[in-house]
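# Architecture at a glance
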Amino acid sequence: MSACRLSVWVGLLIALFEMPAYCASQEHWPHVIVNLPGGRVNLFAAVVDSGCLVSVSNSDRTVEMGEVTSHQFSGVGSDARAVPFFIQLDECSGSVIQSVAVAFNGVMNEQDLQVLAITPGLNAAEGIGLAIFNADNILLPVNMPPLQYTRLNKGINTLSFFAKYRLTKKVLVPGVADTWAEFTLTYQ
């Protein structure tokens, strides 16, 4: 490489290294803002007149059924004592939605298809299922469309239900009697 070219490169390098020091020392150096295209964000949504919001405290609910003894049943198809539980609906608008119905879905008992099966496992009870009733003591069969609509008020609404163990076989085997159900709300 010739000495002339080398001196040009050295001169450029020295100028580049000195430029930031020169620029930083200038108090009135204008700020340069550079805008570059970054892309696009697509947002999709719909505005609806919804019925109500399920209260956060009710979205995953545990109902303590307590202990049940075999002498509480009078025969196959009979129920033990009722245990109440509630589903609270908040912020009901009332402008378009007038009423709500609740359906419960889960694993059906093999002997009585209207009630929930007990979760199988070590030490699980046998011969019973769990029935769910509305506030009027009407059985709500599992995995079926809702039977009855409840009129909604504007604001907060509390829906009342009862859970009862039901004898589904002549022989009851004592044990753990846990089960689960999901609920869906249908508005009209």
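Residues numbered from 1 in each chain as written. Predicted model: local features only at pLDDT ≥ 70, side-chain atom pairs only at ≥ 80, totals over all residues. Heavy atoms only, no water.

### Topic: the overall build of the protein chain
- Within the protein chain, the secondary structure is distributed over one helix and eight strands.
- Ordered by position from N to C terminus, the α and β elements of the protein chain give α-β-β-β-β-β-β-β-β.
- Going through the 188 residues of the protein chain one by one, you find that 28% of them count as buried.
- Per element, the accessible surface of the protein chain, about 13300 Å² overall, is 59% carbon and sulfur. (Helix = DSSP H or I, 4+ residues; strand = E, 2+ residues; numbered from the N terminus. Buried < 20%, exposed > 50% of the residue type's maximum accessible area, 1.4 Å probe, protein only. Areas by Shrake-Rupley, 256 points an atom, 1.4 Å probe, with all protein chains shown as cover.)

### Observations concerning the nonpolar core
- Counting residues in each nonpolar core, the largest one holds 28 residues, and the members touching the most others are Leu89, Phe104, Ile128, Leu152, Phe161 and Tyr165.
- At the level of secondary structure, the elements contributing two or more residues to this core comprise β2 (83-92), β3 (99-105), β5 (128-134) and β7 (155-167).
- Setting aside chain neighbours within four positions, we find phenylalanine 161 in contact with Val83, Pro84, Phe85, Ile87, Val102, Phe104, Phe133, Asn134 and Leu140. (Core = buried A, V, L, I, M, F, W, Y, C linked by side-chain atoms within 4.5 Å. Contact = heavy atoms within 4.5 Å.)

### Some points on the layout of surface pockets
- Estimates place the volume of the largest pocket at around 850 Å³.
- Contributing to the lining of the largest pocket are 36 residues, with Val63, Met65, Leu130, Tyr165 and Thr179 lying nearest its centre.
- Those elements that place two or more of their residues in the lining of the largest pocket are β2, β5, β7 and β8 (182-187).
- A per-element tally of the lining of the largest pocket places β5 first, with three residues.
- By residue class, the composition of the lining of the largest pocket is 22 nonpolar, eight polar and six charged.
- Lining of the second largest pocket is provided by 18 residues; of these, Asn109, Ala117, Ile118, Pro120 and Ala125 occupy positions nearest its centre.
- Considering only residue class, the lining of the second largest pocket consists of nine nonpolar, six polar and three charged. (1 Å grid on protein atoms, 1.4 Å probe; cavity = no way out; pocket = protein on both sides within 12 Å on 5 of 7 lines; lining within 4 Å. Points joined across faces, edges and corners; volume = space filled by probe spheres on them. Nonpolar A, V, L, I, M, F, W, Y, C, P; charged D, E, K, R; others polar.)

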